[in-house]
Amino acid sequence: MTRLQGLICLAAAALMLCEVAVLGSRTGFLLAGLSTAAMALALVHLTANRRGDGHGALLYAVGVLGAVAGYCYLALAPSSAIGPQDEVIDWGRMDKRPLVFGYLGIAAFIAFHWLWVAVVHGTPAGARPMMVRSPQWPGRLLGALGIAMLAYCWLGLPALRGVGIVSEDGLAKFYDIHSHVHLSALQQIRLGAIPYLEAQTQYGPGNQLLMGALTDFVHFSNHGFFAANLLLNVVCVIVFFVVLQQFLGFGWALAGLAGWVLWPSPAERIDLAGWAVFTRWIVVPILALWLAWLLLGVGAARRGWPAAVLAGMLWGAGGFLSQENLSGGFLVFVFSLALFGPASGMTAKRLTAFVGLFVLAGSVTFVALVSAFVGPSHLFEVVALANAKSSLVMAGVSNSIWSDNLGLQFTGNIVDGRLETQLLASGEFRDLILTYVLVVPLLLAIGLLAAFLGRRWRTADEPTRVVCRKFAGVAVGAFALHLFSLMRSDTSHLAGPSFLLASFLLMLPVFFWRCGAPGKARTALMVVSVVVIAEAVVSGRTGVERRVAGLGGIWPDTVAALDLYRELRRHRDETADLASLYSPLPRFQSAFRDHPDFAEADEFFRLLRNRLEGRRVELGSYKFDDLVAQPDTAYFLGGLRSLSGITSPKNSLWLRSEQEAWIARVARVRDGCLFFDASSNRQLVDAWMTSVKPPQTMDIEPITGRREYGILACKSNS
């Protein structure tokens, strides 16, 4: 394609973007956009005929303008996940599909362009196989042990210290709704429910079963869950940095450890038990680094089938753990194949076999794990449930501060002649803006990486190709993980998935220097990237100093953490009561027992269980008191089996249609109970009370103790 043809396509694409912004109608855009595309294609075809270029330029223009038109149409299309008569309840919505589609679309165009160049024009000749030898296994092993110890001391141990902190002014940090979402579902499984389907959470079937096993290993309690979650996260951090050291080298892994303190990273949310389960994302960065090594590393052209099968199995296992691993891992695979495949030296036949084996191995692994732990007959139900919430998140449903019904307030004051601002909803404006700003360097890096692989990879010297290979895995992984941050755009969702963000920003100057074309542009990019690092060092020095100061107590703090885990495990065989479900350790229980609502909660659960006599119950009351403020908490502390399997309505029922389906599902149950009070959902109560059909009967009785707690209505078959 000539410059003139490229200019024609660029002008047509810009005009279509203006048309979609001005018209705001799919019908109007189809008329205007198709006319614009047709004129542009005609001009490209005319110039191509004059030059005798054949159909290559026309086909390329069709691909480019078709992608732009598709993006514009999707930006106007309503989400199929939310019907026209449906509405979002409790949460809010901010439709970010134009931004997300644009982010993916630009990267896809970059990959398409260089893939087209490789297919149509062929890869440059003169390729030399990679001759850089990997360090011998003793060095790799020592490096892995060293980085594992550093990761534990720098990031893991500070988190584990939190397991033993006794709160002096209220309930402990681990008494949190995010933990209760999991614990209420785990309680259902302990009472005989089918995992995931009859004990619903939004964190994936594998994560649910893994957290259940770890919690049982430590102690089934709120404290035990917190300790188990922290232990899992610390292991994930250590494993990640060992993998980073194996693929990038000890120096870059060490730099990544420092970078996790300077920029948003999982370290910021490592102790947010329940929400921050690092196995939600960890497969994505590992797969990105692995695929870059497989396709660009030493011997890439001769990779056998085991490499593709093992990588696919990792993706399948990650998909079983969480939806984020499934979709993010597949995104990494697609972009790695498009960007790295032509440069790998593999033949088209070998690449096709690689794709087929990867997808087949991943699919078989996923199906096998679901069949083994949930049941083969429930495969499609598991997939449907996992996809339901991801579709709504893509449609913009969110509880972040940017959502339409949660609000955002920005205030400013003049203090000593300077404007001081505050984002009232969060207080961390820098990280939120960073979510959007990072789109630019990520897309720029993908573009420059693709250009280097397409133009200079086969003629570059070996040290430059090594730098490119290392940066390639980091860039693609960071790009895929940032998609989860963009869809929610709050501090937690920026920090949690950002395993590779610090490494990406630290490697940028080196990549520009070694792989960029000499000139003013390369110099400017290097200066900007160095300034970004300098700003992070200055703003994050306090966090670094704090962690350095904590290194002095490594041994005694490690011993104390081990002793606490042993102490928790020693109570596993004891009979559980309300206080021990909070924590089995007496010194932690005092704050829980001293809570003003503890006596009422203890009495209520005892009375309710006596009336139920082992029957299942649905809780129609969203808040019992200040101690038991959510149904999740009540199902967990009360040891209650739900009729529907939805123990966290606010985290499972996002749409009005979902709430209505839940009500209908509860009403259809022929044997069970509903507990409700004056504040309960009247639609649920009315549906339950009118669902009795002869010969069924309804037994209604109040639950009364220190006060009237509510009404228990139970169906029975006469």
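Residues numbered from 1 in each chain as written. Predicted model: local features only at pLDDT ≥ 70, side-chain atom pairs only at ≥ 80, totals over all residues. Heavy atoms only, no water.

## Digging into the overall build of the chain
Right, on to step 1. The secondary structure content of the chain amounts to 29 helices and eight strands.
Right, on to step 2. For the chain, the C-alpha radius of gyration of 28 Å lies close to 27 Å, the compact-globule estimate for 718 residues.
Right, on to step 3. For the chain, the spread of C-alpha atoms along the principal axes amounts to about 90 × 65 × 65 Å.
Right, on to step 4. Scored against the burial criterion, the 718 residues of the chain give a buried share of 52%.
Right, on to step 5. Once local pairs closer than 6 in sequence are excluded, the contacts in the chain between residues at least 24 apart make up 75%.
Right, on to step 6. For the chain, the computed accessible surface area is about 31400 Å², with 63% contributed by carbon and sulfur atoms.
Right, on to step 7. Counting 58 positive and 49 negative side-chain charges, the chain places the averaged centre of each group 14 Å from the other. (Helix = DSSP H or I, 4+ residues; strand = E, 2+ residues; numbered from the N terminus. Rg over C-alpha atoms; globule rule 2.2 N^0.38 Å. Buried < 20%, exposed > 50% of the residue type's maximum accessible area, 1.4 Å probe, protein only. Contact = heavy atoms within 4.5 Å. Areas by Shrake-Rupley, 256 points an atom, 1.4 Å probe, with all protein chains shown as cover. Lys, Arg positive; Asp, Glu negative; His and termini not counted. Charge placed at Lys NZ, Arg CZ, Asp CG, Glu CD.)

## Let's talk about the packing of aromatic side chains
Right, on to step 1. Taken as a whole and assessed by the stated rule, the structure comprises 31 aromatic pairs.
Right, on to step 2. Between Phe 471 and Phe 511, the ring centres sit 4.2 Å apart and the planes meet at 15 degrees, which makes this aromatic pair stacked. Here Phe 471, found in helix α17 (residues 462-488), pairs with Phe 511, found in helix α19 (residues 501-515); they are 40 residues apart in sequence, far enough to count as distant.
Right, on to step 3. Measuring from ring centre to ring centre gives 6.0 Å for Phe 511 and Phe 512, while their planes differ by 50 degrees; the resulting arrangement is tilted.
Right, on to step 4. Seen from the ring of Trp 457, Arg 465 lies directly overhead, with NZ or CZ sitting 4.8 Å from the centre.
Right, on to step 5. In this arrangement the basic side chain of Lys 715 is found over the ring face of Trp 688, its NZ or CZ atom lying 4.2 Å from the centre. (Phe/Tyr/Trp six-rings, centres within 6.5 Å; stacked < 30°, edge-to-face > 60°. Lys NZ or Arg CZ within 6 Å of the ring centre and 35° of its normal.)

## Considering the state of the cysteines
Right, on to step 1. Scanning the entire structure with this criterion turns up one disulfide.
Right, on to step 2. Across the disulfide, Cys 673 is cross-linked to Cys 714 (sulfur-sulfur distance 2.0 Å). Its torsion about the S-S bond being 110 degrees, the disulfide of Cys 673 and Cys 714 is classed as right-handed. Of this pair, Cys 673 sits in strand β6 (residues 673-676) while Cys 714 sits in strand β8 (residues 708-717); the two residues are 41 residues apart in sequence, bridging distant segments of the chain.
Right, on to step 3. Cys 673 gets classed as buried once you look at its relative accessible area, which sits at 0%.
Right, on to step 4. Of the residues examined, Cys 714 reaches a relative accessible area of 3% and is grouped as buried. (Disulfide = S-S within 2.5 Å.)

## Here's the deal with the pattern of salt bridges
Right, on to step 1. The final tally for this structure, using the stated rule, is 14 salt bridges.
Right, on to step 2. Residues Arg 190 and Asp 216 are paired through a salt bridge, measuring 2.8 Å at the closest nitrogen-oxygen approach. On the criterion of sequence distance, the pair formed by Arg 190 in helix α6 (residues 177-190) and Asp 216 in helix α7 (residues 205-218) is long-range, its members being 26 residues apart.
Right, on to step 3. What makes Arg 190 partly exposed here is its relative accessible area of 47%. (Salt bridge = Lys/Arg side-chain N within 4 Å of Asp/Glu carboxyl O.)

## With respect to the side chain of Ser 336
Right, on to step 1. Assignment of secondary structure puts Ser 336 in helix α12 (residues 323-340).
Right, on to step 2. Among all residues touching Ser 336, those that are not within four sequence positions of it are Leu 291, Leu 295, Gly 341 and Val 476.

## With respect to helix α11 (residues 305-321)
Right, on to step 1. With 17 residues, α11 extends 25 Å from end C-alpha to end C-alpha; this agrees with the ideal 24 Å at 1.5 Å per step.
Right, on to step 2. Among the residues of α11, those classed as buried are Ala 307, Ala 308, Val 309, Ala 311, Gly 312, Trp 315, Gly 316, Gly 318, Gly 319, Phe 320 and Leu 321.
Right, on to step 3. Considering only its buried residues, α11 is in contact with α7, α10 (283-296), α12 and α13 (348-373). (Expected span 1.5 Å × (residues − 1).)

## Quick look at the packing of α17 against α19
Right, on to step 1. As a packed pair, α17 and α19 sit with axes 10 Å apart at the nearest point and diverge in direction by 145 degrees. Handedness of the α17/α19 crossing: left-handed. Contacts between α17 and α19 involve Pro 463, Thr 464, Val 467, Cys 468, Lys 470, Phe 471, Val 474, Ala 475 and Ala 478 from the former and Ser 503, Phe 504, Met 507, Leu 508, Val 510, Phe 511, Arg 514 and Cys 515 from the latter.
Right, on to step 2. Counted by class, the contact of α17 with α19 contains 13 nonpolar, two polar and two charged residues. (Axes fitted to C-alpha atoms, helices over the stretch in contact; angles between N-to-C directions. Left-handed = near helix turned anticlockwise from the far one by under 90°. Nonpolar A, V, L, I, M, F, W, Y, C, P; charged D, E, K, R; others polar.)

## Quick notes on the sheet that holds strand β5 (residues 617-619)
Right, on to step 1. In spatial order, the strands read β5-β6-β8-β7; together these four strands make up an open sheet with mixed pairing. Every other strand in the sheet has two partners, leaving β5 and β7 (696-704) as the edge strands with one partner each. With strand direction ignored, the average angle separating the axes of adjacent strands in the sheet is 20 degrees.
Right, on to step 2. Here β5 runs beside β6; their pairing, made up of three bridges, is parallel. Its bridge partner lying in β6, Glu 618 is registered against Leu 674. (Pairing = 2+ DSSP bridges.)

## Details of the environment of Ser 167
Right, on to step 1. Within the secondary structure, Ser 167 sits in the loop between α5 (137-160) and α6.
Right, on to step 2. For the pair Ser 167 and Ser 590, spaced 423 residues apart in the sequence, the C-alpha separation amounts to 9.8 Å.

## Side note on the pairing of β8
Put simply, side chains in a regular strand alternate between the two faces of the sheet.
Right, on to step 1. Most of β8 sits inside the fold, with eight of its 10 residues counted as buried.
Right, on to step 2. Pairing geometry for β6 and β8, over four bridges, is antiparallel. Bridging across to β8, Leu 674 finds its partner in Ala 713.
Right, on to step 3. By the bridge criterion, nine bridges tie β7 to β8 in an arrangement that is antiparallel. Each bridged residue has a counterpart across the sheet, and for Ile 700 the counterpart in β8 is Ala 713.
Right, on to step 4. Where β7 folds back onto β8 in an antiparallel hairpin, the turn is made up of three residues.

## Side note on the environment of His 113
Right, on to step 1. Take His 113: it is sitting in helix α4 (residues 97-121).
Right, on to step 2. Sequence separation of His 113 and Leu 160 is 47 residues, and the distance between their C-alpha atoms is 48 Å.

## A short note on the side chain of Ser 652
Right, on to step 1. Assignment of secondary structure puts Ser 652 in helix α27 (residues 649-652).
Right, on to step 2. Since its relative accessible area comes to 4%, Ser 652 is described here as buried.
Right, on to step 3. When near neighbours in sequence (up to four residues on either side) are disregarded, Ser 652 contacts Gln 200, Gln 202, Lys 389, Ile 646 and Glu 658.

## Digging into the confidence of the model for the chain
Right, on to step 1. Residues of the chain with pLDDT of at least 70 account for 91%, and the chain-wide mean is 87.
Right, on to step 2. Confidence drops under pLDDT 50 across residues 404-410; counting only partners more than four residues distant or on other chains, this segment forms 22 contacts.
Right, on to step 3. Confidence drops under a pLDDT of 50 for residues 414-427, and excluding neighbours within four residues, the segment shows 29 contacts in the predicted structure. (pLDDT = per-residue confidence, 0-100.)

## Digging into a nonpolar patch on the surface
Right, on to step 1. A cluster of nonpolar side chains, namely Trp 137, Leu 141, Leu 142 and Leu 145, defines an oily patch on the protein surface of about 490 Å² accessible area.
Right, on to step 2. Structurally, the position occupied by Leu 141 is in helix α5. (Patch = residues over 30% accessible without salt bridge, like charges linked within 9 Å, V, L, I, M, F, W, Y side chains within 5 Å.)

## Notes on helix α28 (residues 656-668)
Right, on to step 1. Along its 13 residues, α28 runs 19 Å from first to last C-alpha, staying within 8% of the 18 Å computed at 1.5 Å per residue.
Right, on to step 2. Among all positions of α28, only Glu 658, Gln 659, Trp 662, Ile 663, Val 666 and Ala 667 are buried.

## Digging into the nonpolar core
Right, on to step 1. One finds Phe 241, Phe 340 and Phe 504 to be the most contacted residues of the largest nonpolar core, which totals 170 residues.
Right, on to step 2. If one sorts the elements of this core by residue count, helix α8 (residues 222-248) sits on top with 15 residues.
Right, on to step 3. The contacts of Phe 340, once residues within four sequence positions are left out, are Leu 291, Ala 292, Leu 295, Leu 296, Phe 335, Leu 449, Leu 453, Ala 472 and Val 476. (Core = buried A, V, L, I, M, F, W, Y, C linked by side-chain atoms within 4.5 Å.)

## What to know about the environment of Glu 600
Right, on to step 1. Along the chain, Glu 600 falls in helix α25 (residues 598-612).
Right, on to step 2. For the pair formed by Glu 600 and Phe 624, sequence separation is 24 residues and the distance between their alpha carbons is 9.7 Å.
Right, on to step 3. In this structure Glu 600 touches Phe 624, Asp 625, Arg 706, Arg 707 and Tyr 709, once residues within four positions along its chain are discounted.

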